[in-house]
Amino acid sequence: MELYEITHQKKYLDAAYEGAKQLVLWTRSNPFAPDENILVNKGGKVDGVFPGRRFESDSYEWQEFDMTTKIQEQVVPAWHTSLVGVIPEQPYTYVYGPIMLFHQVGALLRMANLKDDTTLRDVAYNAILGRYNNFPGYYFNSFETNVYQQTDYPLHPYLEINYNAVFYNHIWPHIAFLQDFLVSDGFYRSNGKIDFPSLYSPGYAFLSNKVYGHLPGTIYHHENVWLWLPKNPILTQEKAFNHIFGRNDQHTFLVLMNTEDREIETELYFNPGVIKWNQGQIYPLEIIDERGNIEKGQFENGALKVKLPANGILTYIIEGLVQKNIFESNAPISEEAVSGDIPGFIRKDYHQPSLGTLTGMTLQIHNDFKDVYIYATASEKETRRVTLSYREGEEDWKALHDEQYPFEFSFRLADPNATIEWKWEAIDGYGGKVSSEIFKLQ
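Residues numbered from 1 in each chain as written. Predicted model: local features only at pLDDT ≥ 70, side-chain atom pairs only at ≥ 80, totals over all residues. Heavy atoms only, no water.

Colleague: Got a minute to help me understand the environment of Ala-124 in this structure?
Modeller: Relative to the assigned elements, Ala-124 resides in helix 4 (residues 118-128). Taking the C-alpha atoms as reference points, Ala-124 and Val-86, 38 residues apart in sequence, are found 9.1 Å from one another. (Helix = DSSP H or I, 4+ residues; strand = E, 2+ residues; numbered from the N terminus.)

The structure is reproduced here in structure tokens:
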């Protein structure tokens, strides 16, 4: 699919489509849930997916541990806990069951639009909608529990999350593929009229999907719109729709996507701490339906009445409502800096355990500033204390200290074009001291 979107050669789309159909057949054909209500959490407890716990960072050995969870019995429709529509990690790890990270959903939605295939759309929706109320952990392997669907599931102490365990390195990939799902659903429902540029994120293992936000996109006839996903922007009694925001230097954009087969008629209230509307000001409103038809309206004092068609999409453009960029200026980073070879990266392995592998890099998402991030792989087993000495350009040397793992430092440059010189010093558990050479980050 990525090859097709880069080259627009039909042969790649056709090949991706064949692969998608095989994936769908595999994930949708079994195991079916019975068409009835079932009792979950029998006896007030649920056995865990794993036979024990792993307590060593460098060992896969299971150690004996009570992996049961106490939770109230409940009668629910069997489809609530169905395993259909989500994939196992890999065929050979099916012993632990399906997982919650279905990273193919964005690609399935974009392909559903290009191939006019509603089955791919339905599979993508089924993999996401209604699966969980919070971060649900990883594996799940039973019709007979809804423990991972509880709102407070990941909020317990780590050793009390026993059904499938929570892998903290999966949280960011989980956020990424949900973002990919939302943006791709907007693309699908608008027939490509809502489209944001993406970069391919080749995550570890198979956790690969698109990420967004580095360049502006298009919402119908409006170009240079930046994707915006603020926290808690809307107050509403309805939960059966998804949304994405956009913004430019003239307007605020809201895309609503109804996930139910019923019309939603409600009023939304825009949180003034997030959406910076002016009390008493009347903003012209443009409303675009899924066919591209435009209606005019008004937005006033944070309230927006919506009538969202069943399984439909509506786009609201609030004219003159400007959301300022949080950065110091509106000058985005140049495309050359995004796509070119940036020399601001260094990595070196040392045979001294207290140094480990040192990595230094510059991070830039804006022309006006640049950040530096430097870290070591050495843990508290090898290292007691580290010191980073650095200087910016020809300025005096400065020192930063860290006595707790992970050993890492980050700081912002006053001059984003300056060269950084730095060296790393580590003290091991016996008081021995070892230093790196001096590195330069361009």
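Colleague: I would appreciate a short explanation of a nonpolar patch on the surface in the present structure.
Modeller: Among the surface-exposed residues, Phe-55, Tyr-158, Leu-159 and Tyr-168 lie close enough to one another that they form a single nonpolar patch of about 410 Å² accessible area. Position of Phe-55 relative to the elements: it lies in the loop between strand 2 (45-46) and strand 3 (69-70). Classification of Phe-55 by relative accessible area gives partly exposed; the value is 41%. (Patch = residues over 30% accessible without salt bridge, like charges linked within 9 Å, V, L, I, M, F, W, Y side chains within 5 Å. Areas by Shrake-Rupley, 256 points an atom, 1.4 Å probe, with all protein chains shown as cover. Salt bridge = Lys/Arg side-chain N within 4 Å of Asp/Glu carboxyl O. Buried < 20%, exposed > 50% of the residue type's maximum accessible area, 1.4 Å probe, protein only.)

Colleague: Where do I start with the packing of aromatic side chains in this structure?
Modeller: Each aromatic ring pair is characterised by the separation of its centres together with the angle its planes make. Tallied over the full model, the rule gives 23 aromatic pairs. Residues Trp-422 and Phe-439 carry aromatic rings whose centres are separated by 4.7 Å and whose planes lie at 35 degrees to one another, so their mutual orientation is tilted. In this pair, Trp-422 is assigned in strand 24 (residues 420-427) and Phe-439 in strand 26 (residues 439-441), connecting sequence segments 17 residues apart. For Phe-439, a relative accessible area of 8% corresponds to the buried category. An aromatic cluster is built from Phe-50, Trp-62, Tyr-96, Tyr-138, Tyr-139 and Phe-167, whose rings are joined through pairwise contacts. Sitting over the ring of Trp-62, Arg-54 keeps its end group 4.1 Å from the ring centre. If you follow Arg-412 out to its NZ or CZ, it ends over the ring of Phe-369, 3.9 Å from the centre. (Phe/Tyr/Trp six-rings, centres within 6.5 Å; stacked < 30°, edge-to-face > 60°. Lys NZ or Arg CZ within 6 Å of the ring centre and 35° of its normal.)

Colleague: Just checking my understanding: could you explain the pairing of strand 20 (residues 369-376) for this structure?
Modeller: Regular strands place side chains that alternate from one sheet face to the opposite one. Pairing geometry for strand 19 (residues 357-366) and strand 20, over 7 bridges, is antiparallel. Considered in strand 20, the bridge of His-366 is made with Phe-369. For strand 20 and strand 23 (residues 408-412), the ladder comprises 5 bridges, and the chain directions are antiparallel. Considered in strand 23, the bridge of Tyr-373 is made with Ser-410. (Pairing = 2+ DSSP bridges.)

Colleague: What is the right way to read the packing of helix 4 against helix 5 (residues 171-189) from this model?
Modeller: If you want to describe how two helices pack, look at the angle between their axes and the distance between the axes. Helix 5 packs onto helix 4 with a crossing angle of 145 degrees between their chain directions and a minimal axis gap of 12 Å. Relative to helix 5, helix 4 is oriented so that their crossing is left-handed. Contacts between helix 4 and helix 5 involve Thr-118, Arg-121, Ala-124, Tyr-125 and Ile-128 on the former and, on the latter, Phe-177, Leu-178, Phe-181, Asp-185, Tyr-188 and Arg-189. Residue classes in the contact of helix 4 with helix 5 are distributed as 7 nonpolar, 1 polar and 3 charged. (Axes fitted to C-alpha atoms, helices over the stretch in contact; angles between N-to-C directions. Left-handed = near helix turned anticlockwise from the far one by under 90°. Contact = heavy atoms within 4.5 Å. Nonpolar A, V, L, I, M, F, W, Y, C, P; charged D, E, K, R; others polar.)

Colleague: Explain helix 3 (residues 105-115) to me, please; I cannot follow it from the model alone.
Modeller: Structural remark: α-helix, 3.6 residues per turn; residues separated by three or four positions point the same way. Most of helix 3 sits out of view: 8 of its 11 residues are buried. Looking only at helix 3, the buried set comprises Val-105, Gly-106, Leu-108, Leu-109, Arg-110, Met-111, Ala-112 and Asn-113. Residues of helix 3 that are buried sit in contact with helix 1 (2-7), helix 2 (10-28), helix 4, helix 5 and strand 7 (208-212). At the C-terminal side of helix 3, Asp-116 shows a positive phi close to 50 degrees.

Colleague: Looking at this model, I keep getting lost on the confidence of the model for the protein chain. Mind explaining?
Modeller: Reading predicted coordinates in detail is not appropriate for stretches of low pLDDT. With 95% of its residues at a pLDDT of 70 or more, the protein chain has an overall mean of 90. Mean pLDDT in the protein chain bottoms out at helix 6 (residues 335-339), which sits at 45, and peaks at strand 17 (residues 313-319), which reaches 98. Of the regions scoring below 50 in pLDDT, residues 335-341 engages in 4 contacts with residues more than four places distant in sequence or in other chains. (pLDDT = per-residue confidence, 0-100.)

Colleague: Would you mind showing me how to read the environment of Pro-154 here?
Modeller: By the element assignment, Pro-154 lies in the loop between helix 4 and helix 5. For the pair formed by Pro-154 and Pro-136, sequence separation is 18 residues and the distance between their alpha carbons is 6.9 Å.

Colleague: Please clarify how the side chain of Asn-258 should be interpreted in this entry.
Modeller: Along the chain, Asn-258 falls in strand 12 (residues 251-258). The exposure class assigned to Asn-258 is buried, which follows from its relative accessible area of 0%. Within the structure, the side chain of Asn-258 is placed 2.8 Å from the backbone oxygen of Arg-262, a separation counted as a polar contact. In this structure the side chain of Asn-258 is engaged in a polar contact, spanning 2.9 Å, whose partner is the backbone oxygen of Pro-309. (Polar contact = N/O pair within 3.5 Å; in protein donor to acceptor, adjacent residues only side chain to side chain.)

Colleague: What should I look at first to understand the sheet that holds strand 20 in this one?
Modeller: The strands that make up a sheet are held in pairs by hydrogen bonds between backbone atoms, and each pair lies either parallel or antiparallel. The sheet built from 4 strands is open, its strands ordered 18-19-20-23 with antiparallel pairing. Looking at the sheet topology across the chains shown, the edges are occupied by strand 18 (345-349) and strand 23. Neighbour-to-neighbour, the strand axes of this sheet turn through a mean angle of 15 degrees, independent of strand direction.

Colleague: Looking at this structure, how should I read helix 2?
Modeller: When the terminal C-alpha atoms of helix 2 are compared, their 26 Å separation across 19 residues agrees well with the 27 Å that a helix rising 1.5 Å per residue should span. The complete set of buried residues in helix 2 reads Leu-13, Ala-16, Tyr-17, Ala-20, Leu-23, Val-24 and Thr-27. Projection of helix 2 onto a plane perpendicular to its axis shows the buried side chains occupying an angular sector of 130 degrees, all on one side. Exposed residues lying more than 90 degrees from the buried face of helix 2 are Lys-11, Gln-22 and Leu-25. Each element contacted by the buried residues of helix 2 is listed here: helix 1, helix 3 and helix 4. (Expected span 1.5 Å × (residues − 1). Arc of directions from axis to C-beta.)

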